[in-house]
There are 12 protein chains.
Amino acid sequence: MKIIIINGPNLNLLGKREKEVYGDQKFENFLNKLKNEFGGVDIAYFQSNVEGELINRIHETGFTYDGIILNAGAYTHTSVAIRDAIAAVTTDVIEVHLSNIFARESFRHESLIAPKCIGSISGLGMESYRLALLYFSGKNSK
Amino acid sequence: MKIIIINGPNLNLLGKREKEVYGDQKFENFLNKLKNEFGGVDIAYFQSNVEGELINRIHETGFTYDGIILNAGAYTHTSVAIRDAIAAVTTDVIEVHLSNIFARESFRHESLIAPKCIGSISGLGMESYRLALLYFSGKNSK
Amino acid sequence: MKIIIINGPNLNLLGKREKEVYGDQKFENFLNKLKNEFGGVDIAYFQSNVEGELINRIHETGFTYDGIILNAGAYTHTSVAIRDAIAAVTTDVIEVHLSNIFARESFRHESLIAPKCIGSISGLGMESYRLALLYFSGKNSK
Amino acid sequence: MKIIIINGPNLNLLGKREKEVYGDQKFENFLNKLKNEFGGVDIAYFQSNVEGELINRIHETGFTYDGIILNAGAYTHTSVAIRDAIAAVTTDVIEVHLSNIFARESFRHESLIAPKCIGSISGLGMESYRLALLYFSGKNSK
Amino acid sequence: MKIIIINGPNLNLLGKREKEVYGDQKFENFLNKLKNEFGGVDIAYFQSNVEGELINRIHETGFTYDGIILNAGAYTHTSVAIRDAIAAVTTDVIEVHLSNIFARESFRHESLIAPKCIGSISGLGMESYRLALLYFSGKNSK
Amino acid sequence: MKIIIINGPNLNLLGKREKEVYGDQKFENFLNKLKNEFGGVDIAYFQSNVEGELINRIHETGFTYDGIILNAGAYTHTSVAIRDAIAAVTTDVIEVHLSNIFARESFRHESLIAPKCIGSISGLGMESYRLALLYFSGKNSK
Amino acid sequence: MKIIIINGPNLNLLGKREKEVYGDQKFENFLNKLKNEFGGVDIAYFQSNVEGELINRIHETGFTYDGIILNAGAYTHTSVAIRDAIAAVTTDVIEVHLSNIFARESFRHESLIAPKCIGSISGLGMESYRLALLYFSGKNSK
Amino acid sequence: MKIIIINGPNLNLLGKREKEVYGDQKFENFLNKLKNEFGGVDIAYFQSNVEGELINRIHETGFTYDGIILNAGAYTHTSVAIRDAIAAVTTDVIEVHLSNIFARESFRHESLIAPKCIGSISGLGMESYRLALLYFSGKNSK
Amino acid sequence: MKIIIINGPNLNLLGKREKEVYGDQKFENFLNKLKNEFGGVDIAYFQSNVEGELINRIHETGFTYDGIILNAGAYTHTSVAIRDAIAAVTTDVIEVHLSNIFARESFRHESLIAPKCIGSISGLGMESYRLALLYFSGKNSK
Amino acid sequence: MKIIIINGPNLNLLGKREKEVYGDQKFENFLNKLKNEFGGVDIAYFQSNVEGELINRIHETGFTYDGIILNAGAYTHTSVAIRDAIAAVTTDVIEVHLSNIFARESFRHESLIAPKCIGSISGLGMESYRLALLYFSGKNSK
Amino acid sequence: MKIIIINGPNLNLLGKREKEVYGDQKFENFLNKLKNEFGGVDIAYFQSNVEGELINRIHETGFTYDGIILNAGAYTHTSVAIRDAIAAVTTDVIEVHLSNIFARESFRHESLIAPKCIGSISGLGMESYRLALLYFSGKNSK
Amino acid sequence: MKIIIINGPNLNLLGKREKEVYGDQKFENFLNKLKNEFGGVDIAYFQSNVEGELINRIHETGFTYDGIILNAGAYTHTSVAIRDAIAAVTTDVIEVHLSNIFARESFRHESLIAPKCIGSISGLGMESYRLALLYFSGKNSK
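A. Representation of the relation of the copies chain A and chain B in the model. Between the two copies, chain A and chain B, the superposition gives an RMSD of 0.0 Å; the rotation angle is 180° and the shift along the axis is 0.0 Å. The relationship between the two copies is best expressed as a two-fold rotation axis. Relative to the rotation axis, the C-alpha of A:Ile121 is the closest in chain A, positioned 2.2 Å from it. Of the residues that chain A buries at the interface, 100% are likewise interface residues in chain B, meaning the two copies contact each other through the same surface.

Have a look at this one:
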């Protein structure tokens, strides 16, 4: 089973950026814990601040992987192109967010990509990613 | 550990109503599976079509329970009163939805209650509830 | 043939409330006339000021009755929950209004429930109900 | 007793146009049935695709007829001029629609003419016209 | 000197229609008074309820007349086509209104044709036309 | 002289809920002080989280009491039904709020019920109720 | 017969300011011509850049003069206070504008004061004032 | 104890202006009654139609008085500058209105100054001022 | 192969009207060139300023012609009736515009008819028509 | 003669992505056909999912090529930067779309780049590109 | 070289008002420093809370001074009249703000006067003024 | 002291692009002048048309440099991701623009990044950058 976690803009700064909002844990540390917990799942990881590179990676994995966990960061609210990429591929995508986007500025309340994802998990910090993994691995094991 | 699942309007018809959207499983069946899976958690359940009764139950459980899993159904998009109830209590609330509300009519894209919940899980069918339970039980066990 | 007329908030005051808008006839008097005129039709009646109780009644009758005539009053313009209830049941619903809602305040111009009803009749006073009954009984007799 | 049915743009194509929306019956056939059913009523009929000709006919009949049944078609949503014509005459006008305009594109949800009509009947197919006739003839016979 | 007064929809009913708003004088009577008062001016007159016929007349007179006085009635607020016709011709157009359109429904506050007219006179009843004539005749005599 | 104070959703939690916004006083304690201060006034009290029950109580008291003091809580901003109930009864209603609703979220700036009340008092904590009582009792004593 | 012309902000710069829009004539010169032409009318004049002083002058003249000709300049689009002043006095007010406000920035398309004036004349340069005077003097002489 | 009542534009016409809305009492008469009733309170009074003079007076009294009762009239809905003045001073300000601003034109529903006042009282005529005085004097005496 | 070009309001003035926007060529001259170039295609032509006559012609040709090239002029932005006519017929319609409507006033950015056309070509002057003809004739020849 | 076709995000998936919307033809195949048909034209091609790389290519070709045919895909609706790039270069740009963007989600109805292009061709599938080439090559050969 | 600094409403309270936002320095002290630093520049200063007096001063200096540095305070967001004054004069105006208006309430994000100024400097505290002076003096010295 | 100037999309064309708006000076020439003038400051420079590369550079410099001068070009109005990058770093950012963005198209009036910058300087051409440098270097030298 192959799953990819794709992180969008500014998420490379996790653990360094606005810690009161995003926590003080680096994503790589968290990723290692996930890999240990989900031994039977091949978990790939990609991060970029460039919208088009996120699209490229969705294209590359979106026809063969078993699941994409996407935290598109700020592009969630502005990118029709990523929305179209999700609609174009055949792999299911779950949208995740660390913070509760609905409790922040109003322009963060609308997700352009959500309508093309199968589901959304937000506000639960790093656990948002873990729950998405649980969903994909559970679905597969049935 | 005590968790309550609160379901709002029309969710009593699950398994009978628009099955292509909501699936053909009755909620009670699903609830039994959850109780088996989460043996160490005391899972209460409440459903009502009356906005005020949902508020009453949030008040009754919101100062002593360890978590509230709330699918407020259509009231998600219209009820400032439920939002205020969530803000008024001290127990954490996770908002869940069976369907992907962002892929439906535009008036379902805005959740009035989300800003007062700690997180939201939507679009993953009955699994939305299960992931919320996993979150609460995982948090507790640490 | 079984038809139910469901009246929403403040319609219990008919004949007493703002008579220049709603007329001075009590609904019960009018209902008796209808029962006399439509001898072969079993006409049930329900009124409540509680949104959730209207939903309950729609659920109870919406899988077995031959028609629902619904004047949701003010909930017409604010209740996504009643809209969902109408969509959830299998019985056809006709929306009726005593007054011409389009000639009143602008927030009364939008009906949230109309898209899920098979039709709407408004502005014709008590006759709005009678025409709806004529529609249902005529359809049946064919 | 004299009633006129006025049909607006594209209604000359009934029975030929988008049959899944508007049915496969020509309006003329339906009109003959109505004339048979309402023997004591003089039912005139007019159809035009030209906004101004609809206004002309409303002017010509609007001071002497006992009722106007108006399906203004697409002009319902764009014509302030027809609205003004209805306000200018003394005969009561009932607005009718074959389809449920509230279940279609959002620009069809607002009727510019409704506020000047005494009532509206929509969504009930050809029956919408028949109910309007029943209203006018019933009112007269009292 | 040649001036044409062009009246739009429903203005043929002046003196008969909503007298409390538009007065009880027929336009023809008023026109005769104007012709007497402005002996040296050739005053043409045209009225139609058909948008396209108003455009035709603007085209026919708009390259040779010395002024067009246009009361487009309800088309004032909905007709981009008349706006384009005014922009297309070389004769100056003054927009007039009997009533104060700014004191009526909000959809009457925006005039689509005003930006292409040289000026607007509204709210002064029949005097609105007379002042426009005074403007054109005064300009000419200088 | 008979006055009723009607409190809407979540106001049963006063003294327990968000004390920095609403204070730490239970409403019942404050009510007793009011009863002492206004010895000659019969002060009834009702609280419910159910919109329809608030309407029921407005109906029951709205034709015989000398004044209704209504804090509709969150329903202030969403309930057309309560607005209609206020319009339907003959007793004067004053709208009160503990907090300054204009200094909070923008959806709390619009009161749907205010247009049907004779006046509004907000932002002055428990004193808002007391001033409303002073108004009603002063009016009566003249 | 007493008429006052009131000019608002920046109109003291006429003849000096943006001549391609407003012309190169000083208002005082034009005023003298008007006084000559309308010998039997007592024409007062007032200009101020201060909103409140315009209100003061409307109050001082608005109960005794036969007409107020008001060019409120930019306050036309922002001053509810001047609107209220016009509504408060008993003298009729005509709104005038030198330029065609509808052909300029969109925020100039809405006049807050127009609904309280008896009429509006715009776009005809200095002639806008003269036509307003003709209206008032004509009305008086009848 | 020193309180100032500040009245904004057009309130100098009280008793003379639109009596059906504002009553027929001059403010000065009412002020004398208040001074008699509140013997121990030094009640200053200021009225101006000039926005900037209202600001000046708020500055002059806003660091030393015990309370400001402000009826900003039409500036309530348009003046960010007065809002800023209220925020800049340290004295508490209560906003009052004679009429129920929520029952009037929609542009009167939004108060720009309310978010910076401690509370608002509207719709209760002259009593609105008296209740504000009762609030300030009561607070002080505790 | 039969194609019709239908031109809407003001397009009869081509070559005479605003030449800097629309060019100085009469449409008839251009039409002759097209007929020469497309020898094997029967090219009909119709122009009217009357919305309803455009609808009539769409009806007459829309079930038998191989293509309709429609420049609806200003009605593009205001006519739901023409939109409905296009939806009602079975012949494919291509929308064309001489000028780039997206570079003009904002009310020209929205085309009400585009959603019912198979495609749109705009901004390329008379070439817009020629490309549409190339499309239809190419499709046919395959 | 040198023309470049520039394709934006997700267009690399043509023939693989949502075939019911975009067809099952790979763009490269189509491009070869075009090169054969337009022997005398040097047709360059570029595709990228990165907004900035599209801008780079517009800069590189936009001062020397004879035409740019641009399908900006989803960036059409969100990229002010591409709009500015088009405005910055001297080569004419034609906007093309495979699908009818006006018949899709409302956020696809507005093109940010259209106002800076000389024209737009949409909805005609691969033919949209061919018509644009015909336009450029035809213009050149005159 | 003559420059004037014009400060609008509430800026007379600098050093006394909301010090956490505006700093604790009196403007007069800062002005003296500026005069010392810019020895060769004649720096005039004016402050008023009255919109019209700001306009008066812009008129008086706007045809002879070398630059106007304007902090219009709250009038920035509401005054079309000041905007018109800036457009009417020939001297260049730079808009300055102490605080970052874009980080405050949304109604402070739009500046009505900015489009008529040559530039804007905001958010840099007292330095905003100094940079504007540097701009004007630098431009002059070249 | 280390400062970086970051230029966004299309600014590589300065001196070549729309010279009437942006001037005919290449940025590199101007940069050299700045380096000469500010000898003691280490001025880095970066330009890219790719949004994500701008973010990368902000990350790389945003924790160690003394100031960032950012002209984000068109991304100013569309990029939430750059806004988040500015919020994520600790170095102060000043937003600059060559042209007065408030005097251009309305979609350029809103800056998404401004709320996270310490200040904004716009409309003063190349001087905008120089003033920002003066600010940073002045602050440092104190």
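B. Spatial organisation of the packing of aromatic side chains. Counted under the stated rule, the structure contains 66 aromatic pairs over all chains. Between F:Phe27 and F:Tyr45, the ring centres sit 4.9 Å apart and the planes meet at 20°, which makes this aromatic pair stacked. Linking F:Phe27 in helix 2 (residues 27-37) with F:Tyr45 in strand 2 (residues 42-47), this pair joins segments that are 18 residues apart in sequence. Given the relative accessible area of 1%, F:Phe27 is considered buried. Grouped by ring-pair contacts, the aromatic residues A:Phe27, A:Phe30, A:Tyr45 and A:Tyr129 constitute a single cluster. The aromatic ring of A:Phe46 is capped on one face by A:Arg57, whose charged end is 4.0 Å from the ring centroid. The side chain of B:Lys16 reaches across the aromatic face of C:Phe63, ending 4.0 Å from its centre.

C. Spatial organisation of the pairing of strand 3 (residues 67-71) of chain H. All names here are of chain H. Among the five residues that make up strand 3, five are buried, leaving the element largely enclosed by the rest of the structure. Burial along strand 3 is two-sided: Gly-67, Ile-69 and Asn-71 facing one way and Ile-68 and Leu-70 facing the other are all buried. For strand 1 (residues 2-7) and strand 3, the ladder comprises five bridges, and the chain directions are parallel. Paired with Ile-3 across the strands is Gly-67, a residue of strand 3. Alignment of strand 3 against strand 4 (residues 93-97), held across three bridges, turns out to be parallel. Bridge pairing in strand 4 places Leu-70 opposite Glu-95.

D. Just the relation of the copies chain C and chain D, in detail. When chain C is brought onto chain D, the operation consists of a screw motion whose angular component is 180° and whose axial shift is 0.0 Å, with 0.0 Å RMSD remaining. An overlap of 100% is found between the interface residues of chain C and their copies at the interface of chain D, pointing to a shared contact surface.

E. Quick peek at the environment of G:Glu127. All names here are of chain G. Looking at the secondary structure, you find Glu-127 in helix 5 (residues 127-141). As a C-alpha pair, Glu-127 and His-97 span 30 residues in sequence and 9.6 Å in three-dimensional space. Among the polar contacts listed, one links the side chain of Glu-127 to the side chain of Arg-130, at a separation of 2.6 Å.

F. Fine view of the arrangement of the chains. One finds no contact linking chain A with chain D; the least C-alpha distance across the pair is 20 Å. A gap remains between chain C and chain G, with no contact made and the closest C-alpha atoms lying 20 Å from each other.

G. Seen up close, the sheet that holds strand 1 (residues 2-7) of chain K. Read across the sheet, ten strands follow the order 2(K)-1(K)-3(K)-4(K)-5(K)-5(L)-4(L)-3(L)-1(L)-2(L) without closing on themselves; strand pairing throughout is mixed. Each having just a single partner strand, strand 2 (42-47) of chain K together with strand 2 (42-47) of chain L make up the two edges of the open sheet. Taken pair by pair, the neighbouring strands of this sheet meet at an average axis angle of 20°, ignoring direction. Sheet contacts for helix 2 (residues 27-37) of chain K: strand 1 and strand 2 of chain K; angle to strand 2 of chain K, the most-contacted strand, approximately 165°.

H. Quick peek at the interface of chain A and chain B. Opposite the 21 residues of chain A that make contact, chain B presents 21 residues. Carbon and sulfur atoms make up 59% of the area that chain A and chain B hide from each other, which totals about 1,900 Å². For the chain A face of the interface with chain B, the top three residues by lost area are A:Phe102, A:Leu124 and A:Tyr135, together amounting to 28%. Applying the counting rule to chain A against chain B returns zero salt bridges. Taken together, the connections running from chain A to chain B amount to six residue pairs in polar contact (both at pLDDT 80 or more). Looking at the side of chain A that touches chain B, its residues break down into twelve nonpolar, six polar and three charged.

I. The pairing of strand 4 (residues 93-97) of chain C, seen in detail. Residues and elements named next belong to chain C. Strand 4 sits mainly inside the fold: five of its five residues count as buried. Of the two faces of strand 4, the one carrying Val-93, Glu-95 and His-97 and the one carrying Ile-94 and Val-96 are both buried. Between strand 3 (residues 67-71) and its parallel partner strand 4, the chain crosses via helix 4 (residues 80-88), and the hand of that crossover is right-handed. Taken together, the four bridges between strand 4 and strand 5 (residues 119-122) define a ladder with parallel strand orientation. Looking at strand 5, one finds that Glu-95 is bridged to Ser-120.

J. Representation of unusual backbone geometry in the model. If you check the backbone angles, E:Asn10 has positive phi at about 75° while not being a glycine. The topology assignment puts E:Asn10 in the loop between strand 1 (2-7) and helix 1 (19-22).

K. Geometry of the interface of chain C and chain D. Contacts between the two partners involve 21 residues from chain C and, on the opposite side, 21 residues from chain D. For the pair chain C and chain D, the summed buried surface comes to about 1,800 Å²; carbon and sulfur atoms form 59% of the total. Listed by contribution, the elements that provide at least two residues to the side of chain C that touches chain D are strand 5 and helix 5 (127-141) of chain C. For the side of chain C that touches chain D, a count of residues per class yields twelve nonpolar, six polar and three charged.

L. Layout of the environment of H:Asn12. Mapped onto the fold, H:Asn12 is located in the loop between strand 1 and helix 1 (19-22). Among the residues examined, H:Asn12 registers a relative accessible area of 37% and is labelled partly exposed. Placed 23 residues apart in sequence, H:Asn12 and H:Lys35 show a C-alpha to C-alpha distance of 19 Å. Residues within four places of H:Asn12 in sequence aside, it is in contact with G:His59, H:Gln47 and H:Asn49. Polar contacts involving the side chain of H:Asn12 include one to the side chain of G:His59, which spans 3.0 Å.

M. Spatial organisation of the packing of helix 3 (residues 51-61) of chain A against helix 4 (residues 80-88) of chain A. Residues and elements named next belong to chain A. Taken N-terminus to C-terminus, the directions of helix 3 and helix 4 make an angle of 0°; their axes are 9 Å apart at the nearest point. Our classification of the angle between helix 3 and helix 4 gives roughly parallel. Residues Glu-51, Leu-54, Ile-55, Ile-58 and His-59 of helix 3 form the contact with helix 4, whose participating residues are Ala-81, Ile-82, Ala-85 and Ile-86. Classifying every residue of the contact of helix 3 with helix 4 by side-chain character gives seven nonpolar, one polar and one charged.

N. Up close: the pattern of salt bridges. In the structure shown here, the tally under the stated rule is 72 salt bridges over all chains. A salt bridge links F:Asp84 to C:Arg108, with the nearest nitrogen and oxygen atoms 2.8 Å apart. Taken together, the positions of F:Asp84 in helix 4 (residues 80-88) and C:Arg108 in the loop between strand 4 and strand 5 put the pair across two chains. Since its relative accessible area comes to 3%, C:Arg108 is described here as buried. J:Arg57 is the partner of J:Glu60 in a salt bridge, and the nearest nitrogen-oxygen pair spans 3.2 Å. Note that J:Glu60 and J:Arg57 are positioned in helix 3 (residues 51-61) at a spacing of three residues, about one turn of the helix. According to the relative accessible area criterion, J:Arg57 is partly exposed, its value standing at 25%.

O. Broad picture of helix 3 (residues 51-61) of chain F. Within the sequence span of helix 3 of chain F, burial applies to F:Glu51, F:Gly52, F:Leu54, F:Ile55, F:Ile58, F:His59 and F:Thr61. Contacts made by the buried residues of helix 3 of chain F are with helix 3 (51-61) of chain B, helix 3 (51-61) of chain C together with strand 1 (2-7), strand 2, strand 3 (67-71) and helix 4 of chain F.

P. Expanded view of helix 4 of chain C. Residues and elements named next belong to chain C. Counting buried positions along helix 4 gives eight out of nine residues, so the element sits mostly inside the fold. All of the buried residues in helix 4 are Val-80, Ala-81, Ile-82, Arg-83, Asp-84, Ala-85, Ile-86 and Ala-88. Structurally, the start of helix 4 carries an N-cap: the backbone nitrogen of Ala-81 is 3.5 Å from a side-chain oxygen of Ser-79.

Q. Spatial organisation of the environment of I:Leu131. Here I:Leu131 shows up in helix 5 (residues 127-141). The exposure class assigned to I:Leu131 is buried, which follows from its relative accessible area of 0%. Once the C-alpha coordinates of I:Leu131 and I:Val96 are considered, the two residues, 35 residues apart in sequence, prove to be 9.4 Å apart. Setting aside anything within four residues of it in sequence, one finds I:Leu131 in contact with I:Ile121, I:Leu124, J:Ile121, J:Leu131, J:Leu134 and J:Tyr135.

R. Looking closely at the side chain of H:Ser128. Residue and element names in this part refer to chain H. Here Ser-128 lies in helix 5 (residues 127-141). Within the structure, Ser-128 has its side chain in polar contact with the backbone nitrogen of Leu-124 (distance 3.3 Å). For Ser-128, the residues in contact, after removing those within four places along its chain, are Val-96, His-97, Ile-121, Ser-122 and Gly-123.

Scoring rules and cut-offs
- Residues numbered from 1 in each chain as written.
- Chains lettered and ligands numbered in written order.
- Predicted model: local features only at pLDDT ≥ 70, side-chain atom pairs only at ≥ 80, totals over all residues.
- Heavy atoms only, no water.
- Least-squares fit on C-alpha atoms with pLDDT ≥ 70 in both.
- Contact = heavy atoms within 4.5 Å.
- Phe/Tyr/Trp six-rings, centres within 6.5 Å; stacked < 30°, edge-to-face > 60°.
- Helix = DSSP H or I, 4+ residues; strand = E, 2+ residues; numbered from the N terminus.
- Buried < 20%, exposed > 50% of the residue type's maximum accessible area, 1.4 Å probe, protein only.
- Lys NZ or Arg CZ within 6 Å of the ring centre and 35° of its normal.
- Pairing = 2+ DSSP bridges.
- Polar contact = N/O pair within 3.5 Å; in protein donor to acceptor, adjacent residues only side chain to side chain.
- Axes fitted to C-alpha atoms, helices over the stretch in contact; angles between N-to-C directions.
- Buried area = accessible area lost by both parts, 1.4 Å probe.
- Salt bridge = Lys/Arg side-chain N within 4 Å of Asp/Glu carboxyl O.
- Nonpolar A, V, L, I, M, F, W, Y, C, P; charged D, E, K, R; others polar.
- Right-handed = clockwise from strand over helix to strand, strands pointing away.
- Parallel < 35°, antiparallel > 145°, perpendicular 65-115°, else oblique.

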